[in-house]
Amino acid sequence: MNILVTGGLGFIGSHTVVSLYERGHQAVIIDDYSNASKEVLEKLETLIQSKIPFIEGNVTDSKLVENIFKNHQIDGVLHFAAFKAVGESVEKPIMYYENNLNATLTVAKLALEHKVKKFVFSSSCTVYGDQPSPFHEEMDLLPATNPYGATKQMSEQILKDISFAHPEFKVTLLRYFNPIGAHDSGLIGESPLGVPNNLMPYILDVALGKRPHLNVYGSDYPTLDGSGVRDYIHVMDLAEAHVAALEKSLKPVNIYNVGTGQGSSVLEVVKAFETMNDVKIPLNITARRPGDIAVSFADPAKIKNELGYQTKRDLNQMVKDAWNFAKRSNHA
Ligand code: UD1
C-alpha cells in the first residue's frame, strides 16, 4: 500500500514510516517542521535505503493536500499531524482547535473525495479522562480537561460521523498510551524543542547533563511508591500497531487502545533507566503537576483479539533505546 503520512517527520510518524517499509509498504510524507527537524527525512532514507516522496507544508492547506492526492495513488492515510502540548493548549486554545480540527477535517474530506478507504487517526488515552484504569474502549469518555484533549475527542467524533455516512471509509482510532524509546539504530527518536514536558525527554536531558535533576511530580499518589503510574509503550511497538490497523481493520469504525497493559511509576522508569544505562538521574521530589491523574494503563485485549497485535518490547528495551538515541544525536 502507498500511505500518506501526515506529520511523518515527528516522533511517532517517523518510526511508523520505518515500520511501513519493513512490511513492504511505501509512504508519502507531509510535514511542516513545526515539531521536527529537517534531518529526520535523510535519516529515514538512510534507514530504509530508499527515497521518500516529501511535501513540506501544513495539512490545513487544502490545495496542497489535494495536489498530493492528485499526484500520488494513495491507498490509506495515517494522520499524525497535530499540536500536542497540554499546557500550551490551555494558553492558546484557538491555535489548538484551529490547527488540530482543521487538519483532521481537511485530510479526511480529501481522502474521502479521492476514494481512499483506510484512515488511521492518532488519538490518545487522554480521551478517557480521570477514571480508574485499566481503560477499555467501551468506557464512556469523560469531558476533556484541556483543549488538546478536546481536539482528540472531537476529531474522533468527526471521523466516526464521516464513516457512519460513508461506511466504505474505514476509520481506525488508535488511543496511544505513553510512547517512549527510539529505533534501535539510534538514528531517529524523540527530540522536542525547548524544555521537555514529558518524562522520558526530561530524563534524557538530565542524563546528558543539560538539566541538574528530574522533578518528580508528586509523591503522595495512591500508588506503590507515591509517584504517578503510566503505561509506557516502545515507539516501535506503537509504530507496528499502525501497520496492523492499515492491514487488518475491518469495520467502518475501529477503536483500539495501544498500550502494554502494564503500569510503571515514575520512580520505576528512573530505576530502569539507571540500571540499564549505568547513568545516575538526580531527583527533586516535588508537588503534583496540575491536571495529572494518578494512574493510567490500558486494557490491551481488544486489539489483540481483533488484529492479533501485541507489544513485544519491555521497559528495559525502551530506556536503553531512548538513551542510545540521545547519546548519538547529542554527539552528532
Ligand atoms: C501527557 C499528557 C497527555 C498526552 C501525552 C502525550 C498531561 C497531563 N498529559 O501524558 O495528554 O497525550 O503527554 O505524550 O500533560 N513526570 C514527572 N516529571 C517530569 C515529567 C513527567 O514526574 O518532568 C511524570 C508525570 O507526573 C506523569 C508521568 O511522569 O506521572 C508521565 O508524564 P508525561 O510523560 O508528561 O505523560 P502524561 O502526563 O501521561
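Just above, that's the structure.
Since we're looking at a predicted model, the values are computed, not measured. (Residues numbered from 1 in each chain as written. Predicted model: local features only at pLDDT ≥ 70, side-chain atom pairs only at ≥ 80, totals over all residues. Heavy atoms only, no water.)

### Structural notes on the site of the ligand
In the vicinity of the ligand lie 19 residues, with Leu-199, Asn-215, Arg-230, Arg-289 and Asp-292 positioned nearest. At a separation of 3.1 Å, an oxygen atom of the ligand approaches a polar side-chain atom of Ser-124. In the model, an oxygen atom of the ligand is placed 3.2 Å from a nitrogen or oxygen of the Tyr-148 side chain. Its free accessible area being 740 Å², the ligand has 87% of it covered by the protein chains. Of all the secondary structure elements, the ones that give two or more residues to the shell around the ligand are helix H7 (199-207) and strand S8 (214-217). (Near = heavy atom within 4 Å. Polar contact = N/O pair within 3.5 Å; in protein donor to acceptor, adjacent residues only side chain to side chain. Areas by Shrake-Rupley, 256 points an atom, 1.4 Å probe, with all protein chains shown as cover. Helix = DSSP H or I, 4+ residues; strand = E, 2+ residues; numbered from the N terminus.)

### A look at the side chain of Asn-146
Among the secondary structure elements, Asn-146 is positioned in the loop between strand S5 (118-124) and helix H6 (147-165). The buried category is assigned to Asn-146, whose relative accessible area is 10%. A distance of 3.2 Å separates the side chain of Asn-146 from the backbone nitrogen of Tyr-148, its partner in a polar contact. At 2.8 Å, the side chain of Asn-146 forms a polar contact with the backbone nitrogen of Gly-149. Residue contacts for Asn-146: discarding those within four places in its chain leaves Val-86, Ser-89 and Val-90. (Buried < 20%, exposed > 50% of the residue type's maximum accessible area, 1.4 Å probe, protein only. Contact = heavy atoms within 4.5 Å.)

### Focus: the environment of Asn-215
Structurally, Asn-215 is set in strand S8. Remark: the alpha-carbon pair of Asn-215 and Ile-203, spanning 12 residues in sequence, is separated by 9.4 Å. Sequence-distant contacts of Asn-215, defined by excluding residues within four places in its chain, comprise Tyr-202, Asn-284 and Thr-286. A distance of 2.8 Å separates a polar atom in the side chain of Asn-215 from a polar atom in the side chain of Asn-284.

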